[in-house]
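As a plain string of letters, each chain reads:
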Amino acid sequence: MSKATLTAVFIAFLLTSSGAKPNGKNKKPKQAVPAIECDMRAGKINLSEFIVKCPANCRETKEKVYGTGVFASISSICNAAIHSGVITNSGGKVIVTKMAGQMIYKGSFANGVRSLSLPNRRESFSVSVGKPKKGVTYPSTLVFVPSRPTTVKTASPVTEAVETEPSSTAAPPTTTHVTTPITTAPPITTSAKPRVINHRVPEAGSSHPYFSSVAPPAPEHKPPSETSSPVPEVLSQGDSNCKVDIAFLMDGSWSIGKRRFEIQKDFLVGVSQVINVGVAGPMMGIIQYGDDPVTEFSLKHFSSSIDLTPAISKIVQKGGLSNVGKALSYINKHFFSDANGNRGGAPNVAVVLVDGWPTDEVEEASRLARESGINIFFVTIEGPDENEKQNVVETNFVDKAVCRTNGFFSFPIMSWFALRKAVQPLVKRVCDTDRLVCSKTCLNANDIAFVIDGSSSVGTGNFRTVLQFVANVTQEFEISDTDTRVGIVQYTYEQRLEFAFGQYNNKADLLNAIKRINYWSGGTSTGAAITFAADQLFSKSKPNKRKIMIVITDGRSYDDVRAPALAVHRKGVIAYSIGIAWAAQDELEYIATDPDRDHSFFVDEFDNLYKYVPKIIHNICNEFNSQPRN
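Residues numbered from 1 in each chain as written. Predicted model: local features only at pLDDT ≥ 70, side-chain atom pairs only at ≥ 80, totals over all residues. Heavy atoms only, no water.

A. Quick peek at the environment of Val-458. Relative to the assigned elements, Val-458 resides in the loop between strand E16 (446-453) and helix H11 (460-475). Overall, the relative accessible area of 4% leaves Val-458 in the buried class. (Helix = DSSP H or I, 4+ residues; strand = E, 2+ residues; numbered from the N terminus. Buried < 20%, exposed > 50% of the residue type's maximum accessible area, 1.4 Å probe, protein only.)

B. Up close: the nonpolar core. Residues Phe-248, Leu-249, Leu-328, Val-351, Phe-377 and Phe-378 are the most contacted members of the largest nonpolar core, which totals 68 residues. Considering every element that reaches this core, the biggest residue donor is helix H5 (residues 257-275), with seven residues. Sequence-distant contacts of Phe-377, defined by excluding residues within four places in its chain, comprise Val-349, Ala-350, Val-351, Val-352, Phe-408, Phe-409, Phe-411, Leu-426, Arg-429, Val-430 and Leu-436. Listed in part, the 47 residues of the second largest apolar core include Phe-469, Phe-499, Ile-550 and Ile-552. (Core = buried A, V, L, I, M, F, W, Y, C linked by side-chain atoms within 4.5 Å. Contact = heavy atoms within 4.5 Å.)

C. Representation of the state of the cysteines within the structure. Per the stated rule, a full pass over the model turns up three disulfides. The disulfide bridge from Cys-38 ends at Cys-58, spanning 2.1 Å between sulfur atoms. Between Cys-38 and Cys-58, the S-S dihedral sits near -85°, and the bridge is therefore left-handed. Of this pair, Cys-38 sits in the loop between helix H1 (3-17) and strand E1 (49-54) while Cys-58 sits in the loop between E1 and strand E2 (67-68), and the two are 20 residues apart along the sequence. For Cys-58, a relative accessible area of 1% translates into the label buried. Two residues share a disulfide in this structure: Cys-242 and Cys-431, whose sulfurs sit 2.0 Å from each other. Between Cys-242 and Cys-431, the S-S dihedral sits near -75°, and the bridge is therefore left-handed. In this pair, Cys-242 sits in the loop between helix H4 (231-235) and strand E10 (245-251) while Cys-431 sits in the loop between helix H10 (423-430) and E16, placing the two residues 189 residues apart along the sequence. Both residues of the pair, Cys-242 and Cys-431, count as buried. (Disulfide = S-S within 2.5 Å.)

D. Molecular detail of unusual backbone geometry. Following Asp-594, the chain continues to Pro-595 via a peptide bond in cis, the omega torsion being -5°. As for its placement among the helices and strands, Pro-595 is situated in the loop between helix H15 (585-591) and helix H16 (596-599). Backbone geometry at Asn-111 places phi at a positive 55°, although glycine is not the residue there. Checked against the element boundaries, Asn-111 lands in the loop between strand E6 (109-110) and strand E7 (113-114). The backbone of Ala-581 shows a phi angle near 60°, a positive value even though the residue is not glycine. Secondary-structure assignment places Ala-581 in the loop between strand E20 (574-580) and H15. Residue Ala-581 is classed as partly exposed on the basis of its relative accessible area of 24%.

E. Broad picture of the packing of H5 against H10. The interhelical angle for the contact between H5 and H10, taken along N-to-C directions, is 50°, at an axis separation of 10 Å. By the angle between their directions, the pair H5 and H10 is classed as oblique. Between H5 and H10 the crossing geometry is right-handed. Between H5, through Phe-267, Gly-270, Val-271, Val-274 and Ile-275, and H10, the contact on the second element is made entirely by Val-423, Gln-424, Leu-426, Val-427 and Val-430. Residues that form the contact of H5 with H10 fall into these classes: eight nonpolar, two polar and no charged. (Axes fitted to C-alpha atoms, helices over the stretch in contact; angles between N-to-C directions. Parallel < 35°, antiparallel > 145°, perpendicular 65-115°, else oblique. Left-handed = near helix turned anticlockwise from the far one by under 90°. Nonpolar A, V, L, I, M, F, W, Y, C, P; charged D, E, K, R; others polar.)

Quick look at the structure:
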């Protein structure tokens, strides 16, 4: 082989070994982008910044989004990206950047996705176009937050024995059985007094009636001088998947009696152990109420379930009436504060235990608490029977107090001896932070009055189109007696109340009622209709509800609209005007709340009404989110 040939072979070898390409450039490795489903929430991925690929048609899934620009971590990544305009409904790549939680997330409507308002969360995220920055490589695989371990719910023989224990022979429990720390607790023997087990923190593998068989293992048994075991330090971190701030309102009224008061304390001990209190998880405080509420201990007093147990056992019954409403006002104004250990990034939860029924009204206090972002649960034990219902101060007080009327926030318990069965279900719901979005939003805080033109110029077919528009707007709101309520007035020369606020308290019944409205036909007296709506609807509106009036007309009014419109504006009514065909622009502007561009709309024909549904919802929500909260 010649020298020239050897030289050429050597150069070719160098080029091959260095990875150089024939054109002299090194090709950049392609970024691997993991695909996710539409419902993937940012909080489920345990990475501070990452890139993902969203599928098409996520907007159609209607996965929930909370916030605008910066989103709560429980939001769908893909729908947040569509809302922000980072991707379209066809899908695409998205870069997700985690950040600290916000005090409040403001909802809005954008790009076909409606985001909701939400009080503080511990983690947020933003989204950007999925084009990696120069020199940045994102993880090619996702790291997910580990799911919570499941617990075994099989009852043990001890559980059954306690459940069937006759109450007439049991001695009243005393607090002397719980003052011994868990590290020095002697084994339970068969010679123990009845129900002593209800006052003991369970040892490893025990079948305490409040706990499943997977209760945390007990620390190693040591002499009292060595009780500074590191085990409580580990336990005090708590369950990070249940980071909530909880206030338990325990009933201390005389009606409960001493024995049932002790059972109530047993229940709270059980909850504190199952929920695994700790600084990185749930924190727990207790208020006892009677004539007046008293804080037994705040959120910052104890950072472990072990410390809570003796503290609960030492609570002494105060007595008095069952003034639940006063207690709810108290926690709303005083309990959930920074000074008392409120962490800001954790949802606020109030669990109210009631023996029988409250002796004061709860609706107003509950509503104000919910509007402050407090998620209220009611545990009612041995409620009133038919003969006692006449003594109840406020009928249906639970439905009026809790955030929704679907049963998620209420626990009716038939007997005090069945109370322990509610521990596990209650803890599960309290820790379901995805559903703890109980504070008022633009969709559940209104009394909305539709004032509909039924004059002869409208016609039967167009009137049905108007009703469909009303139904489409109504569909977007959360309907119940404690959420948004809808009333409708139809008018010609005269006025007719089709139905009042609260007459239909679920969405299905309300939408059916809208469809059943009959066309009237006649003249057009819009001013008189506005006055009629103020008298018949808004005079009965609930305090602090947002009062919204939506007037729909197709022509000029035969009477003056300026004075009636000004009168309802002064009463705090937010007025929207929608004109069709021959409606007078000047009258629409008189009716509408300022600025007119946000509250007054015009379409040339009835069939185009549907276009303004998202615009009206968007404006209602924007206006709501710009107002300070209670």
